[in-house]
Structure formats: C-alpha cells, structure tokens
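Residue-level structural notes
Residues per chain, in single letters:
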Amino acid sequence: MRGPRASKHFTWAELGQPPPSLRPAGLELASALENLRSSSGGRPLHLVSGYRSPERNARVGGAVRSQHLLGRAADIPEGYATVEQAVMAGFTGIGSRGPWAVHVDVRVGPAARWTY
Ligand SMILES: [Zn+2]
C-alpha cells in the first residue's frame, strides 16, 4: 500500500478502491489522469467512475470485458477533455461523446476508440 493517494491529485477512493492486486494498473491510470489534468491547466477532475467490482459492473450494465474491472479505466465528465487531449495524455482506450472523451483507459494491447 502506498497510503491513500494513487498520485498527487487522485486518491484510491476516487479511483474506486481497486483491490491491492490491481494497484499497479491503478498507478498507470492515475499517471495518465494526472497528464490529462495538467493538459486542462490543472482544473480539478472529478471522476464519474473508476474501478468496478464484478458485482458492481454487472449492476451498472458494464461490458463483460470492461477495463473498469481491471482498474484501468475511468469515466470523466463530458466537457472536461477532448479525445485529442486524452490521446496526448497516454490513454489507449477512449470512448467519446461528440468531441469529448467520457471514458478513458490504459488498456494493454491494441488501442480502441468508440463513440456513445
Ligand atoms: Zn467507462
């Protein structure tokens, strides 16, 4: 454990309390989120969703292979960052609504982009 913070501006609670085994992935996610926050001039970034347990993921109707289950994904408020900014921040999976990134993840393997 590294204490309550995953990075300078994000706590493990904000990241959805991933279990210890998923904390390395969580650190990667937090690092990219810090990049995104910086690119927005340090504007506070309030995550809509982070890690989800299998039970919680099923409850919210999440994808079976959701990166949220791996502690590698976060949903962010529409209007916070563009898809371009998310790419620059290092995210490899990006779901968007219009020009805005609303789901960002640091998936391993091929990059993925989709719209909602
Ligand atoms: Zn998501």
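Residues numbered from 1 in each chain as written. Predicted model: local features only at pLDDT ≥ 70, side-chain atom pairs only at ≥ 80, totals over all residues. Heavy atoms only, no water.

1. A look at unusual backbone geometry
The test is simple: The classification of residues rests on relative accessible area computed with a 1.4 Å probe and restricted to protein chains. Under 20% of the type maximum is buried, over 50% is exposed, and intermediate values are partly exposed.
Backbone geometry at Gln-17 places phi at a positive 50°, although glycine is not the residue there. What makes Gln-17 partly exposed here is its relative accessible area of 47%.

2. A word on the pairing of strand S3 (residues 100-105)
The test is simple: Put simply, DSSP H or I for four residues or longer makes a helix, DSSP E for two residues or longer makes a strand, and each gets a number counted from the N terminus. The pairing criterion for strands is at least two bridges between them, as found by DSSP.
For S3, a buried count of five out of six residues is recorded, marking the element as mostly surrounded by other parts of the structure. Here three bridges tie strand S1 (residues 73-75) to S3, and the two strands are oriented antiparallel to one another. Each bridged residue has a counterpart across the sheet, and for Ala-74 the counterpart in S3 is Val-104. Between strand S2 (residues 93-97) and S3, which follow one another and run antiparallel, lie two residues, and Gly-98 among them has a positive phi close to 60°.

3. What to know about the pattern of salt bridges
The cut-off we apply is this: In the sections that follow, a salt bridge refers to a side-chain nitrogen of Lys or Arg positioned within 4 Å of a carboxyl oxygen of Asp or Glu.
Across all of its chains, the model carries four salt bridges by this definition. In this structure, the salt-bridge partner of Arg-97 is Glu-78, at a minimum N-O distance of 3.4 Å. In this pair, Arg-97 sits in strand S2 while Glu-78 sits in the loop between S1 and helix H3 (83-89), placing the two residues 19 residues apart along the sequence. Across the pair Arg-107 and Asp-105 runs a salt bridge, and its minimum N-O distance is 2.9 Å. Like Asp-105, Arg-107 is buried.

4. What to know about the sheet that holds S2
The condition is simple: Angles here are taken between N-to-C directions and fall from 0 to 180 degrees, while the axes themselves are lines fitted to C-alpha atoms, restricted in helices to the stretch in contact.
Strand order in the open sheet made by the four strands is S1-S3-S2-S4, with mixed pairing throughout. Across the chains shown, the open sheet's two edge strands, defined by having one partner strand only, are S1 and strand S4 (112-115). If you compare each strand with its neighbour and ignore which way they point, the axes differ by 20° on average.

5. Overview of the side chain of Arg-52
Which entries qualify depends on this criterion: In this analysis, two residues are considered to be in contact whenever any of their non-hydrogen atoms come within 4.5 Å of each other.
Among the structural elements, Arg-52 can be located in the loop between helix H1 (23-39) and helix H2 (54-59). Beyond its immediate sequence surroundings of up to four residues, Arg-52 is in contact with Asn-57, Val-60, Gly-62, Ser-66, His-68, Leu-69 and Asp-75.

6. So, the packing of aromatic side chains
Heads up, the rule is: Think of it this way: a Phe, Tyr or Trp ring, Trp meaning its six-membered ring, pairs with another when their centres are within 6.5 Å, and the plane angle makes it stacked under 30 degrees, edge-to-face over 60, tilted otherwise.
In the structure shown here, the tally under the stated rule is one aromatic pair. Consider the rings of Trp-114 and Tyr-116, whose centres lie 6.3 Å apart with planes at 80°: the pair is edge-to-face. On the accessibility criterion, Trp-114 (28% relative accessible area) is partly exposed.

7. Regarding the environment of Leu-45
Along the chain, Leu-45 turns up in the loop between H1 and H2. Overall, the relative accessible area of 4% leaves Leu-45 in the buried class. Taking the C-alpha atoms as reference points, Leu-45 and Ala-63, separated by 18 residues in sequence, lie 24 Å from one another. Sequence-distant contacts of Leu-45, that is, excluding residues within four places in its chain, are made with Phe-10, Leu-33, Leu-36, Arg-37, Ile-76, Pro-77 and Tyr-80.

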